[in-house]
Amino acid sequence: MKNSEALLRIEDLVVNYGSINALNGVNISVDRGEIVAILGANGAGKTTTLRSVSGLLPAKSGFIYFKGEDITKVPAHKIVSLGMSHAPEGRRVFKTLTVEENLFLGAFTKKNVDMERLKWIYELFPRLEERRKQLAGTLSGGEQQMLAIGRALMSKPDLLLLDEPSLGLAPLLVKAIFKTIKEISQAGVTVLLVEQNAKAALRLANRGYVLEVGEIVFSGTSKELLESEKIQEAYLGKKAKADIH
Ligand SMILES: Nc1ncnc2c1ncn2[C@@H]1O[C@H](COP(=O)(O)OP(=O)(O)OP(=O)(O)O)[C@@H](O)[C@H]1O
Ligand SMILES: [Mg+2]
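I will try to describe carefully the structure that is included in this document. Values in this document were obtained by computation on a predicted structure and should not be read as measured data.

**Some remarks on the sheet that holds strand 7 (residues 159–163)**
Pairing in this open sheet of 6 strands is mixed, and the strands run 6-7-8-3-9-10 from one edge to the other. Both outer strands of the open sheet, strand 6 (84–87) and strand 10 (215–221), are each paired with one neighbouring strand and no more. If you compare each strand with its neighbour and ignore which way they point, the axes differ by 15 degrees on average. As judged from the 6 bridges shared by strand 9 (residues 207–212) and strand 10, these two strands associate in the antiparallel manner. Across the sheet, residue Gly-208 finds its bridge partner in strand 10, namely Gly-220. Strands in contact with helix 1 (residues 46–53) are strand 3 (35–40), strand 6, strand 7, strand 8 (190–194) and strand 9; relative to strand 7, the strand with the most contacts, it is inclined by about 150 degrees. Along the sheet, helix 6 (residues 141–153) makes contact with strand 6 and strand 7, crossing strand 6 at roughly 170 degrees.

Here it is in structure tokens:
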């Protein structure tokens, strides 16, 4: 990989579900070391973008480059072994397996489970270590979210895709999960983050993109997005000044 090259580059990506167009020419790039946020309303195409990048959905057209390599048609398990992993929306843990078994499965691309890595994940999420023998299906929603992120980290990714890590969590846990994402980033993992919680995501991220019905309508540094009146009105919960006639 050349130094000038982005770690991930999405170019003119078009994805359809049958006759439904979900992404209509999306361009996103992520450099090594960055945290990049994708914001957007329900149905904008955020999950579709992540699923397509990680090889779970085929592109109708466009390209996805990872470490300079064209991965547009590479299957999902190979993409994991190239150094990308995805903590999906809605957690998707294996409910009838224990916490630790779920974590081991996250390392399926490796010959042996790296116990140092497991130790690090337990340091990030001490709750998971306490519950390591417990069935994942009996964990609370927040704990399942931690497990989904922990499992994604077991394959030692250079790029971690996170789909709504704060969804459904109590405010205190939201804070904790964002703090942990920062720690993961500081450990050298690049993060592409999808979030409805726009303010918290932008406080954490270096840059952000705004998706609206399958198209990027705005991109910039987090500061630019936080200061943009249009973004404030649409995503940050600040009401437009009332029109008084
Ligand atoms: N399996 C599917 N079949 C048909 N249409 C789908 C499918 N999955 C998603 N879509 C449609 O594609 C569009 C984008 O969906 P996507 O899940 O990517 O949105 P999102 O931005 O992640 O939304 P949310 O914030 O609600 O998670 C939506 O209009 C959705 O209805
Ligand atoms: Mg989604």
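Let us keep going from here.
**Some remarks on the environment of Trp-120**
By the secondary structure assignment, Trp-120 is in helix 4 (residues 115–124). Setting aside its immediate chain neighbours within four residues, Trp-120 contacts Leu-153, Ile-184 and Ala-187.

**Quick word on the site of ligand 1**
Close to ligand 1 lie 14 residues; Lys-46, Thr-47, Thr-48, Glu-89 and Gln-196 are nearest. Tyr-17 has a polar side-chain atom sitting 3.5 Å from a nitrogen atom of ligand 1. At a separation of 2.8 Å, an oxygen atom of ligand 1 approaches a polar backbone atom of Gly-43. Out of a free accessible area of 630 Å², ligand 1 has 62% covered by protein chains. Considering each element in turn, the shell around ligand 1 owes the most residues, 3 residues, to helix 1. Broken down by class, the residue content of the shell around ligand 1 amounts to 5 nonpolar, 6 polar and 3 charged.

**Considering the side chain of Ser-222**
By the element assignment, Ser-222 lies in helix 9 (residues 222–227). Reaching out from Ser-222, the side chain makes a polar contact with the backbone oxygen of Ala-205 at a distance of 2.6 Å. Beyond its immediate sequence surroundings of up to four residues, Ser-222 is in contact with Leu-202, Ala-205, Asn-206 and Arg-207.

**Things to note about the side chain of Glu-34**
Counting through the fold element by element, Glu-34 comes out in the loop between strand 2 (20–30) and strand 3. With relative accessibility at 12%, the residue Glu-34 sits in the buried group. Apart from the residues within four sequence positions on either side, Glu-34 is in contact with Ser-29, Thr-190, Val-191, Asn-206 and Arg-207.

**Considerations on the coordination of the magnesium ion (ligand 2)**
Bound to the magnesium ion (ligand 2) on the protein side are Thr-47 (OG1) and Glu-89 (OE), at distances that span 2.0 to 2.5 Å. Within this pair, whereas Thr-47 is found in helix 1, its partner Glu-89 is found in the loop between strand 6 and helix 3 (99–106), the two being separated by 42 residues in sequence. Judged by relative accessible area, Thr-47 falls into the partly exposed class, the value being 21%.

**Overview of the packing of aromatic side chains**
How two aromatic rings sit relative to each other is given by the distance of their centres and the angle of their planes. Enumeration according to the criterion identifies 1 aromatic pair in this entry. Look at Phe-63 and Tyr-65: their rings are 5.9 Å apart centre to centre, the planes differ by 20 degrees, and that puts the pair in the stacked class. Phe-63 gets classed as partly exposed once you look at its relative accessible area, which sits at 38%. For Tyr-65, a relative accessible area of 19% corresponds to the buried category.

**Side note on the environment of Ile-35**
Within the secondary structure layout, Ile-35 lies in strand 3. For Ile-35, a relative accessible area of 4% corresponds to the buried category. In the structure, Ile-35 is positioned 82 residues away from Arg-117 in sequence and 21 Å away in space, judged by C-alpha atoms. Sequence-distant contacts of Ile-35, defined by excluding residues within four places in its chain, comprise Ser-185, Val-191, Leu-204, Ala-205, Asn-206 and Arg-207.

Procedures and definitions
- The numbering scheme is per chain: residues are counted from 1 as the chain's sequence reads.
- Think of it this way: whatever chain is written first is A, whatever ligand is written first is 1, and the rest follow in order.
- In view of the model being predicted, local features appear only for residues whose pLDDT reaches at least 70, and side-chain atom pairs are presented and counted only at 80 or more, with totals across whole chains, interfaces and linings using the full set of residues.
- Each side-chain value is worked out from all heavy atoms of the structure, with water and hydrogens disregarded.
- Here the rule is simple: two strands pair whenever DSSP picks up at least two bridges between them.
- Secondary structure elements follow DSSP: runs of H or I no shorter than four residues count as helices, runs of E no shorter than two count as strands, and numbering proceeds from the N terminus.
- Only C-alpha atoms enter the line fits that serve as axes; for helices the fit covers just the stretch in contact. Angles between N-to-C directions range over 0 to 180 degrees.
- Only heavy atoms enter the contact rule, under which two residues are in contact if any of them lie within 4.5 Å.
- Being near a molecule or strand, for a residue, means having at least one of its heavy atoms within 4 Å of it.
- Two N or O atoms count as a polar contact when they lie within 3.5 Å, although within protein this holds only if one can serve as hydrogen donor and the other as acceptor, and sequence-adjacent residues are included solely when both atoms are side-chain atoms.
- Here the accessible surface of atoms and residues is derived via Shrake-Rupley with a 1.4 Å probe, and residues count as covered only by protein chains that are part of the display.
- Gly is placed with the polar residues, together with every amino acid not listed as nonpolar (Ala, Val, Leu, Ile, Met, Phe, Trp, Tyr, Cys and Pro) or charged (Asp, Glu, Lys and Arg).
- Think of it in three bands: with a 1.4 Å probe and only protein chains considered, a residue is buried below 20% of the maximum accessible area for its type, exposed above 50%, and partly exposed in between.
- Shown as donors are all N, O and S atoms within 2.8 Å of a metal ion, widened to 3.2 Å for Na, K and Ca; because water is not in the atom set, sites may appear incomplete.
- Aromatic pairing here means that ring centres of Phe, Tyr or Trp (its six-membered ring) are within 6.5 Å. Orientation follows from the plane angle: under 30 degrees is stacked, over 60 is edge-to-face, and everything else is tilted.

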